[in-house]
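Structural characterization, general
Spelled out from the first residue to the last, the chains are:
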Amino acid sequence: MKSRKWQLISAAIAAMAFAACSDSWDAALDGFGDSGVDGLGTGGSTASSGGSSGLPPEEELEESFRSPVVAGPFVFSANSESNRVARIDARNLQIEVFDGGNGPTFLASLPAGETGGGVLVANERSHDASLFVFPKGSDVEAADPDILTALVPLQAGASAWTVGRSGKVAISWSRASDNLLGSEDGYQDVTVLSFSGASVDDGIQFESASLSVVFRPSRIEIAPDEKRAFVVSDPGITVLSFESGAHVEREIFLPDATLGLSRDVSFDANGRYAFVRLEGESEILIVDLDTDDRVSVELPGVVTDLDLSSDGETGVAVVRGDDAGIGEGGAGSAGSSLIALFSLEALVADAEDFEIVTIDGLVGSASLSPDGKRAVLYTNATPSSELWILDVETKEKRSVDVRAPLRSALVSPTGDHAVTIQQPPTGSTKAGAFAVVPLRENLPTRIEGTDAPPSLVSLSPDGKSVLVTTLAPVGNISASYLVQLPGFRVDRLELPSRPLSSGIVMSARRAFVAQEHPEGRISF
């Protein structure tokens, strides 16, 4: 089999010495996110308590905002030391360098729509953002498309971006967990950028507004129509409106008893309802974001995970193993887990309109396919190699043994496969493992042992490629594993230095891995 080879870029002029991820989980998949582009219907970022079983919480993972980002066929990267931003054409590996602000650090892609797309860069030391935007209607796939630039003030401590689907609205906010201003700051300031076009003659057309939200935000979601956004924080949810100018529409506070506890907040696809899972509770709280009306859904045990489908029609809640209230309406035996399946619209109308499916095993986390037709179930609270696949429509279920304790599972954008990341089993000579599991049919699973723990996962939007990258201890070799689907061909590609982030440039049919290096390095 002919192996594939990396093409390396190492350029002092580009100065692409990438900043290390601020989240302290290098070995916990710190490349899962989409560079700050959150979509409605995704799960929250907090884990549940162990409930009555005494098990630790299920772990959930957050995204990194310091990774290079993709716009069309280009990869954009920033160096906070040289104050430069590099644009790399993934098709021919040509590099163009731009001046950034002081300390360009946090990047996000701006999708084409209101503009031709581009990249937003928050400059940590100068408290402003550098905008690199393609003119609207321009051919981004051209050899050297025009790019427009602008500089806009941001609040101090800005460390994250949330961007709307069409790039009409982008919000720069200060994620409290990054702690850039110290533990006593409330991180309540946000900057809203509203785009209305971009042309060579007129430059980037946008408005900027500074708003104050509730104390210590942890996540922001923008509704699909980009008319509103929802700021999740310690006290509750701040609703922002972008009609008639950006402004705070209302504050929605959760009950006093929940203050200080972890919460998992999800939003339906229309941005009308918030679904709240409270730590250590058997209740799901549904909040009407227009009226603040509330519906309480009581399940037969502590809810350890809650997930909504991307289309906003289907939801799943997990009552893990011994946390289930067996004998109090629960349908399983000791050790069984209960899965509540529901239509979002039906559950809002009737808090008892859900169906319970019993899983004869311990599961505490769920990942729904984007279309909501399949749920992937597992636990990482205790060593377990058992992955369950549940057909939401037929209620058929099957178990897959991935041979090593599970850490996480991701469903491909097409819903055809799941990618699981695992710890090595006791006695193994490998440092980690991953598996690719077919979901639609009961076909063999591809299981791959790795010499270092898997750290980064990138999935292509067409579901045909998976890139899994390991992070080895200093002095050892890290590697990327490129999996081609549906044939399960795996190519192992050694990296010349420690990886920091990875991604896939679909229009160029290439993947990249950014790495540590004094002059900056990306392998394509």
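Residues numbered from 1 in each chain as written. Predicted model: local features only at pLDDT ≥ 70, side-chain atom pairs only at ≥ 80, totals over all residues. Heavy atoms only, no water.

1. Some points on the overall build of the chain
Scanning the chain from N- to C-terminus turns up 1 helix and 40 strands. By the burial criterion, 56% of the 524 residues in the chain qualify as buried. Across the chain, the fraction of contacts at a sequence separation of at least 24, relative to all contacts at a separation of at least 6, is 51%. Carbon and sulfur atoms make up 46% of the accessible area of the chain, which amounts to about 20,000 Å² in all. (Helix = DSSP H or I, 4+ residues; strand = E, 2+ residues; numbered from the N terminus. Buried < 20%, exposed > 50% of the residue type's maximum accessible area, 1.4 Å probe, protein only. Contact = heavy atoms within 4.5 Å. Areas by Shrake-Rupley, 256 points an atom, 1.4 Å probe, with all protein chains shown as cover.)

2. Remarks on the pairing of strand β19 (residues 273-278)
Look at any regular strand and the pattern is simple: side chains alternate between the two faces of the sheet. Most of β19 is tucked away: 6 of the 6 residues are buried. What you see with β19 is no split at all: Y273, F275 and R277 on one side and A274, V276 and L278 on the other are buried throughout. Across 5 bridges, strand β18 (residues 263-267) lies against β19 in antiparallel orientation. Bridge pairing in β19 places R263 opposite L278. (Pairing = 2+ DSSP bridges.)

3. Brief notes about the environment of G72
Here G72 shows up in the loop between β2 (69-71) and β3 (74-79). We classify G72 as partly exposed; its relative accessible area is 35%. The sequence separation of G72 and G116 amounts to 44 residues, and the corresponding C-alpha distance is 9.7 Å. Not counting residues within four places of it along the chain, the set of residues in contact with G72 comprises V140, E141, V505 and S507.

4. What to know about the sheet that holds strand β10 (residues 160-163)
The 4 strands are arranged β10-β11-β12-β13 in an open sheet whose pairing can be described as antiparallel. Whereas interior strands pair on both sides, the edge strands pair on one side only; in this sheet they are β10 and β13 (203-212). Adjacent strand axes in the sheet meet at a mean angle of 20° when their direction is disregarded. Two strands pair when backbone bridges link them, and strand β11 (residues 169-173) and strand β12 (residues 189-199) are joined in this way by 4 bridges, in the antiparallel orientation. Among the inter-strand pairings, S172 is bridged to a residue of β12, identified as T191. (Axes fitted to C-alpha atoms, helices over the stretch in contact; angles between N-to-C directions.)

5. Description of the packing of aromatic side chains
Considering all chains together, one arrives at 7 aromatic pairs under this definition. Each ring, one from F275 and one from F342, has its centre 6.4 Å from the other, and the planes form 15°; the classification is stacked. Residue F275 is located in strand β19, and its partner F342 is located in strand β24 (residues 337-343); the two are separated by 67 residues in the primary sequence. Judged by its relative accessible area of 0%, F275 is buried. (Phe/Tyr/Trp six-rings, centres within 6.5 Å; stacked < 30°, edge-to-face > 60°.)

6. Looking at the pattern of salt bridges
In a structure, side chains of opposite charge can pair up when their charged atoms sit close to one another. The full count for this structure, using the stated rule, is 25 salt bridges. E516 serves as the salt-bridge partner of R498, at 3.7 Å between the closest nitrogen and oxygen. Placement of the pair is R498 in the loop between β37 (489-494) and β38 (499-505) and E516 in the loop between β39 (510-515) and β40 (521-523), with a sequence separation of 18 residues. Three or more residues are tied together by salt bridges with common partners; here these are R228, E249, R250, R272, D288 and D290. (Salt bridge = Lys/Arg side-chain N within 4 Å of Asp/Glu carboxyl O.)

7. Quick notes on the sheet that holds strand β17 (residues 247-253)
The antiparallel open sheet is built from 4 strands, whose spatial order is β14-β15-β16-β17. The open sheet has two edge strands with one neighbour each: β14 (217-222) and β17. Sheet twist, expressed as the average angle between the axes of neighbouring strands with direction ignored, equals 20°. When strand β16 (residues 236-241) meets β17, the two strands line up antiparallel, connected through 6 bridges. Within β17, the position partnered with T238 by the bridge is E251.

8. As for unusual backbone geometry
In this model, L485 is joined to P486 through a cis peptide bond whose omega is 10°. Among the structural elements, P486 can be located in the loop between β36 (479-484) and β37. The backbone phi angle of N83 is positive, close to 60°, even though this residue is not glycine. By the element assignment, N83 lies in the loop between β3 and β4 (84-89). At R509, a position not held by glycine, the phi torsion is positive, near 55°. Counting through the fold element by element, R509 comes out in the loop between β38 and β39.

9. Examining the environment of S455
Topologically, S455 is positioned in strand β34 (residues 454-459). A relative accessible area of 3% means that S455 is categorised as buried. Along the sequence, S455 and S501 sit 46 residues apart, while their C-alpha atoms lie 8.9 Å from each other.

10. Regarding the environment of D89
Examined against the element boundaries, D89 turns out to sit in strand β4. Sequence separation between D89 and D144 is 55 residues; the distance between their C-alpha atoms is 8.9 Å. Discounting chain neighbours no more than four positions away, the residues touching D89 are P73, F74, Q94 and A143. Within the structure, D89 has its side chain in polar contact with the side chain of R91 (distance 2.7 Å). (Polar contact = N/O pair within 3.5 Å; in protein donor to acceptor, adjacent residues only side chain to side chain.)

11. Details of the nonpolar core
In terms of nonpolar packing, the biggest core is built from 19 residues, with L120, L131, W161, V163 and F195 touching the most fellow members. Elements with a minimum of two residues in this core: β6 (104-110), β7 (118-123), β8 (128-133), β9 (148-153), β10 and β12. Of all hydrophobic cores here, the second largest spans 17 residues; its members include L299, V303, L344 and V348. (Core = buried A, V, L, I, M, F, W, Y, C linked by side-chain atoms within 4.5 Å.)

12. Some details on the side chain of E221
Assignment of secondary structure puts E221 in strand β14. For E221, a relative accessible area of 0% puts it in the buried group.

13. Observations concerning the side chain of N123
Examined against the element boundaries, N123 turns out to sit in strand β7. When its relative accessible area of 2% is taken as the criterion, N123 is described as buried. Not counting residues within four places of it along the chain, the set of residues in contact with N123 comprises G100, G101, N102, G103, P104, D128, A129, S130 and L151.

14. With respect to the pairing of strand β15 (residues 228-233)
Of all 6 residues in β15, 6 are buried, a share of seventy percent or more. Alternating positions in β15 separate into two faces, R228, F230 and V232 on one and A229, V231 and S233 on the other, with burial throughout. As paired strands, β14 and β15 are joined by 5 bridges and run antiparallel to one another. Bridge assignment links P217 to a residue of β15, and that residue is S233. Connecting β14 to the antiparallel partner β15 that follows it, the hairpin turn spans 5 residues, and E226 within it adopts a positive phi of roughly 60°. Where β15 meets β16, 5 bridges bridge the pair, whose relative direction is antiparallel. Within the sheet, the bridge partner assigned to F230 lies in β16 and is V239. The antiparallel hairpin formed by β15 and β16 contains 2 residues in its connecting segment.

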